[in-house]
Amino acid sequence: MSTKMINIKDLCVWFGEGQQRTQVLKNINLQIARGESFGLVGESGSGKSTILRTAMGLVEDYSGEISIDGINTRTGDYKALIRCAQMLFQDPYASLHPRFTVGQAITEVMKINAIDNHQQKMVDLLLSIGLTAEHQYRYPHELSGGQRQRVALARSLALEPDVLLLDEPTSALDASIQAEMLNLLNKLKQSLGLTYIIVSHDIAVVSYMCDRFAVMSQGKVVEILSREQLRSGDIQCEYTQKLIAASEY
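Right, let's walk through the structure included here. It should be emphasised that the depicted structure is a prediction, and the values quoted were computed from it without experimental measurement.

Attention now goes to the sheet that holds strand S7 (residues 163–167). Taken in spatial order, the six strands make up an open sheet running S6-S7-S8-S3-S9-S10, and their pairing is mixed. Here the strands that pair on one side only, and so sit at the sheet edges, are strand S6 (85–88) and strand S10 (220–226). When the angles between neighbouring strand axes are averaged without regard to direction, this sheet yields 20°. By the bridge criterion, six bridges tie strand S9 (residues 212–217) to S10 in an arrangement that is antiparallel. Of the residues in S10, the one forming a bridge with Met216 is Val221. Taken strand by strand, helix H6 (residues 145–157) contacts S6 and S7, and its axis lies near 170° from that of S6.

Count 3.6 residues to each turn of an α-helix, and residues three or four apart come out pointing the same way. When we look at burial in helix H5 (residues 118–128), the residues that qualify are Met122, Val123, Leu125 and Leu126. In an axial view of H5, the angular spread of the buried residues amounts to 160°, which keeps them on one side of the axis.

Tallied over the full model, the rule gives zero disulfides. Free cysteine Cys12: the closest other cysteine sulfur is in Cys237, separated by 19 Å. Just so you know, Cys84 is unpaired, no disulfide at all, and the nearest cysteine sulfur is the one on Cys210, 19 Å from it. The buried category is assigned to Cys84, whose relative accessible area is 7%.

This part takes up the sheet that holds strand S5 (residues 71–72). One open sheet accounts for four strands, arranged S2-S1-S4-S5; its pairing is antiparallel. At either margin of the open sheet sits one strand with a lone partner, and together these are strand S2 (22–33) and S5. Note: strand S4 (residues 62–68) against S5, two bridges, orientation antiparallel. Each bridged residue has a counterpart across the sheet, and for Ile68 the counterpart in S5 is Ile71. Packing of helix H1 (residues 48–55) onto the sheet brings it into contact with strand S1 (4–15), S2 and S4, and relative to S1 it is tilted by some 110°.

Basis of the calculations
Residues numbered from 1 in each chain as written. Predicted model: local features only at pLDDT ≥ 70, side-chain atom pairs only at ≥ 80, totals over all residues. Heavy atoms only, no water. Pairing = 2+ DSSP bridges. Helix = DSSP H or I, 4+ residues; strand = E, 2+ residues; numbered from the N terminus. Axes fitted to C-alpha atoms, helices over the stretch in contact; angles between N-to-C directions. Contact = heavy atoms within 4.5 Å. Buried < 20%, exposed > 50% of the residue type's maximum accessible area, 1.4 Å probe, protein only. Arc of directions from axis to C-beta. Disulfide = S-S within 2.5 Å.

Right under this line is the structure:
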C-alpha cells in the first residue's frame with residue numbers, strides 16, 4: 001500500500017472560452033500522504049477551491065495530472081474515484097436537496113452505489129456525527145446550520161471514502177459551532193483513518209487541523225509549511241508573512 005494518497009502534478013486550470021479564457025491555476029504540484037491533513041490557504045480567488053473541484057471532476061479545462069489512491073481523476077474509473085474520495089462543500093443548505101429528508105439524503109447515495117443495509121448504516125452515521133436517529137425524518141430547513149453541515153458530512157461518509165476534500169467546512173457556522181465541527185472532523189479522521197485536504201482562509205483553523213499547508217496566491221503555491229514552522233515563525237515567503245500578520249492567528 002502506497003503511503004502517498006494524493007498526487008497533483010503540473011496542474012493548470014483555465015476558466016472561460018476564447019478571448020475570455022483565463023488561467024486560474026499555474027503549475028500546482030502537491031503530494032499528500034495517506035492519513036495526512038493538508039491545508040490550502042490564501043486570499044479569495046487564489047485558486048484553493050478550484051483544486052478540490054478539479055480533483056472531483058467538476059472542472060474540465062485543465063492540464064497536468066491528479067491521482068487519488070492511484071486513481072487518475074481524468075482517465076480512471078469515476079465510480080471508484082467517488083467511492084475513494086468525497087467533497088464537503090462550504091454551504092450545506094445548497095448541497096442538500098430541500099425536498100429530501102435527512103434520511104433520504106444519506107440513503108440515496110448508498111442506494112445509487114448498491115450498498116446493502118443502507119437504513120441501519122444511515123442511522124449509524126447520524127449517531128457518529130452527534131445527531132439522533134430521529135433526525136432522519138427532518139428536512140434541511142428544519143435544521144440549524146451546524147446540523148445541516150453534520151448531515152452533509154454524514155452523506156459524504158456514506159460511501160466509506162478514504163479521502164475527504166473539505167471546502168471551508170466551518171466558514172458558514174457560528175464560532176462556537178465551528179469548534180464543535182472541527183473537533184468532530186478530527187475525531188472522525190482518527191477513527192476512520194481519513195486523509196483530508198482542507199481549504200480555509202482561517203490560519204487558526206489550518207494550524208489546529210493540518211499537519212502541513214500550502215499558501216496560495218494568484219493561482220500559484222508560494223510556500224508549503226508544516227504546523228511547527230507556522231508556530232515557530234519559520235516562514236520564508238513575504239506574502240505568507242503578510243497573510244499571517246493580517247489574520248487573527
